[in-house]
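# Analysis of the macromolecular model
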Amino acid sequence: MAAQTSVLVSQRRISQPTMMLTSLSSQPVDESIIREQVLSTHNYDGKEFNTNAILNMAEKALSLEMGTAQKAMVEELNDELEELDSYKQLPLHIKQLSFEIASGAIANRHSTTIHVLSILSPYSWEDKLVLMIAAFSIIHGEFILFSRLLQKGKGLAWKLAHLKQSSHCPIEDCCIISSAIELTKCVLQLKQCLSYSPPQSVISALPMVAYWIGRNIVNCAAYPCGTRFKVQNEHREITTFMAIFSAELAKKKEEESYEALRNALYHGSSNKLEVFKLMFNVKNDDDETIFLNRSFRAIRHWKQSLRNWKHALVMLLITSGVGVPKEWIHFLNCFHYSSRAYIIWIPITQDDASWSTEYEQQCHQLRNKIDFPWLNDPQKMMRPQFTKFVKEELFKMRWGEEPIIVSLDQRGRIVHSNVIHMMLTWDAYYIEKDIIGINVVPDNISLIIQNELKQGIYGIEASSESRHVGPKIDSITRDLVHNIDSQINAWKKNVEGIIEEVTAQSTPYDREKEKLLWQQQTAWTLHLLAPDYYSRIGKPKNDWIREEKYIFLYGGNNIKWIREFLSKSREVASKIQMNFELAYIGKNKMIRGIINKERMSHCPLRDSYGVWWFWTRLRSMFLSRIQYLEMTNHLVKENNNDEILQGLKKLLSYESMNATTEGWALLSKGSEVVVCGHGSKMLQAMNDYEIWKENIDATKSFGQAFKDHHEMLSKDKHSCCTLEYPITLSKIPENERCPECSRRMQKFLTFTCCHDHDVV
């Protein structure tokens, strides 16, 4: 290569163009001819060098006026210049280029440009741009900065000095070179993007980018910045290419930002705050404008810097818009006060146009109702990549549906993509209850050990030498016990520290904790419907469970059936001298009012919120159970025999909005579910009491006799059942069996809009 360089320096071989252009602004330009000539100069051999270091030095040289470079600035670049020593041929090429450009600029500038590209034949198109700018920086006059690079730069500097006019201006005044540098930076950034496959438009543009930057450099070498020359065509070409490459670079940076956020949310970062900075427009860790909350008296907004969230348990409440039902707000406010986790509300709009003045007013109204923090100014604060992630990874096809709550660990990873079903199924205290710890070491452990050691010494009391030996042995024993006690306390402290460190870096609101909670539920019982840690559906019902009473829970939309069922139940109860506890838990608001007014039975779901909470919780439990079965490789099939799942299916199918069930009933003895069935069959079994009453004996209880007769009744006559799966569920069964008659159910696609959760 050195030989080739010396030949090119001593004997200039300028390619003869097919079309000689003396002034590109004065005659038409045949783009195809120029392109063909440019391509003929390219013979890339794969060599690479540190383009950023050279471009950086060239920029600094071009930013100074001639002769004003200070020694301190030169010394500052010494380290960068040292790095170039390994590229032995670069100084010669930059030296040669500066000579060729300066001496050829006064001749035909098109031919000079083609010749310069021929000299740069072995380099990539991107590297050619940097080397041409570096060569021009020498011509411009910053000889001091490049003297070490060129080794013999003093002689060249003296030869080139006469090409400069006495008057000189900074390179910033020369918009052509400034544009060329910006375009070069843009091209280099695209090249340096990881895993980037440039489109054909970018690949095909590179040769002409090299040509026009070279052409402008030759022009500027011929006409220094002190002379106000006009090269409108050349500048227009640079501007056109800049638009192409800057748009492509912006697109690539957006993709990289999205992948960086996606990787952080799925695989973690150094800490949660770093992930927040990828999600939101946060200036620094002391930024107090990112999250706000109402103060206790709602007089002013409560602020905390981002740093305060570093060790907090954080869950993101993400809604599609601001239309959050009042029932959800009430539930989340209650959860906020009972949990040590922080919920942060983040509304997502379909597009920027959706964020209108009316929308902002609705957002403000909702903020005044929630007691937990929210993202301040979402339209301004959210980064585009986070909005894209929510829509593509989290919401998917659920736009306009109920909110989701995403749980993050201390590293900012998503450990549960929608923890809301877990929150509805179990109480916050129950979820957050520690599952690892240390059993309390007995306070008298020292005394226990000491007594055990003393008992191990035989005959000491009977010995005549006991008065001499005893005190010494007691002293040694006490020292040993003291040391053991100290070691046990140190061990306990270390273990507690390890546990505290582990729990501080984790969150109980993840899929593993949900799995553990389900593993503790082994049977379909009323404890799942009315757990001891909830009192929302009425204390009396929990009392009935503890008292092991027979309980009939019932629901439906037919008041005639309900009256008949209650009447027959009381009649049977009087015959067997037993009290049945009856409770209506259906959704029908009108029937609930009649039952309360006429005191027909107990009605634990006393208001609209109670009804919403109970049935929303059952639906969440149903979905959470499906996810648990998938996690434990018990895939949901049409004949799945999971007792809990089947029990939930029955209740949900009876009270589905599209069901035509006139009524239904569930019989339990305490917490044990005996039988659950469609209204007509349950009423028929009650009406047939005289037929099966003889089966009640010492071995068979009322509940078992009732169940046996119920199962003997025909399965052909009952109203329609429906079972609703959300379309966002990861695995929806292709074939589903009716929970009542076990026939294969038909599959429909239904759109629903629940303006009121109570059935009129």
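Everything below is about the structure printed above this text.
Residues numbered from 1 in each chain as written. Predicted model: local features only at pLDDT ≥ 70, side-chain atom pairs only at ≥ 80, totals over all residues. Heavy atoms only, no water.

### Examining the overall build of the protein chain
In terms of helices and strands, the protein chain carries 32 helices and 11 strands. Going through the 760 residues of the protein chain one by one, you find that 48% of them count as buried. Pairs at least 24 apart in sequence give 75% of the contacts found in the protein chain among residues at least 6 apart. Only carbon and sulfur atoms are counted for the fraction: they give 50% of the accessible area of the protein chain, which is about 38,300 Å². (Helix = DSSP H or I, 4+ residues; strand = E, 2+ residues; numbered from the N terminus. Buried < 20%, exposed > 50% of the residue type's maximum accessible area, 1.4 Å probe, protein only. Contact = heavy atoms within 4.5 Å. Areas by Shrake-Rupley, 256 points an atom, 1.4 Å probe, with all protein chains shown as cover.)

### A few points about helix H15 (residues 326–338)
In this model H15 runs 19 Å from its N-terminal to its C-terminal C-alpha over 13 residues, within 8% of the 18 Å that 1.5 Å per residue would give. Listed in full, the buried residues belonging to H15 are Glu327, Trp328, Ile329, Phe331, Leu332, Asn333, Phe335 and His336. (Expected span 1.5 Å × (residues − 1).)

### Let's talk about the packing of helix H30 (residues 679–687) against helix H32 (residues 702–712)
At a minimum axis distance of 9 Å, the contact between H30 and H32 shows a crossing angle of 120°. By the angle between their axes, H30 is oblique relative to H32. Regarding H30 and H32, the two cross each other, and that crossing is right-handed. Here Lys681, Met682, Ala685 and Met686 of H30 lie close against H32, whose contacting residues are Phe706, His709 and His710. Class assignment of the residues belonging to the contact of H30 with H32 gives a composition of four nonpolar, two polar and one charged. (Axes fitted to C-alpha atoms, helices over the stretch in contact; angles between N-to-C directions. Parallel < 35°, antiparallel > 145°, perpendicular 65-115°, else oblique. Left-handed = near helix turned anticlockwise from the far one by under 90°. Nonpolar A, V, L, I, M, F, W, Y, C, P; charged D, E, K, R; others polar.)

### Thoughts on the sheet that holds strand E9 (residues 580–584)
As summarised here, the arrangement of the four strands in space is E9-E8-E10-E11, forming an open sheet in which the pairing is mixed. Unpaired on one side and paired on the other, E9 and strand E11 (672–678) mark the two borders of the sheet. Ignoring which end each strand starts from, the neighbouring axes of this sheet average 20° apart. Pairing between strand E8 (residues 550–555) and strand E10 (residues 664–669): six bridges, direction antiparallel. The residue of E10 that forms the bridge with Tyr550 is Lys669. Across the face of the sheet, helix H29 (residues 643–654) comes into contact with E10 and E11 while running at roughly 40° to E11. Along the sheet, H30 makes contact with E8, E10 and E11, crossing E11 at roughly 115°. (Pairing = 2+ DSSP bridges.)

### As for unusual backbone geometry
If you check the backbone angles, Glu548 has positive phi at about 60° while not being a glycine. Mapped onto the fold, Glu548 is located in the loop between helix H25 (539–546) and E8.

### Section: the packing of aromatic side chains
A complete count under the given rule lists 32 aromatic pairs for this structure. Look at Trp426 and Trp518: their rings are 5.0 Å apart centre to centre, the planes differ by 75°, and that puts the pair in the edge-to-face class. One end of the pair, Trp426, is in the loop between helix H19 (420–425) and helix H20 (428–432); the other, Trp518, is in helix H23 (residues 511–519), with 92 residues separating them in the sequence. Residues Trp426 and Trp518 agree in their burial class; the two are buried. An angle of 20° between the planes, with centres 5.9 Å apart, marks the rings of Tyr654 and Trp664 as stacked. (Phe/Tyr/Trp six-rings, centres within 6.5 Å; stacked < 30°, edge-to-face > 60°.)

### Regarding the nonpolar core
Counting residues in each nonpolar core, the largest one holds 74 residues, and the members touching the most others are Phe331 and Met423. Beyond its immediate chain neighbours, meaning those up to four positions away, Phe331 contacts Met423, Leu424, Tyr609, Trp612 and Trp613. Ile34, Ile138, Ala180 and Met208 belong to the second-largest nonpolar core, a separate cluster that totals 56 residues. (Core = buried A, V, L, I, M, F, W, Y, C linked by side-chain atoms within 4.5 Å.)

### Notes on the pattern of salt bridges
The tally for this structure, following the rule as stated, stands at 19 salt bridges. Measuring nitrogen to oxygen at the nearest pair gives 3.1 Å for the salt bridge that ties Glu393 to Arg262. Residue Glu393 is found in helix H18 (residues 384–395), and its partner Arg262 is found in helix H13 (residues 232–267); the two are separated by 131 residues along the sequence. Taking the relative accessible area as the measure of exposure, Arg262 reaches 29% and is therefore partly exposed. The residue Glu514 makes a salt bridge to Arg511 at a minimum N-O spacing of 3.9 Å. With Glu514 and Arg511 both in helix H23 and three residues apart, the pair spans about one turn of that helix. (Salt bridge = Lys/Arg side-chain N within 4 Å of Asp/Glu carboxyl O.)

Geometric values such as these leave the question of function open.
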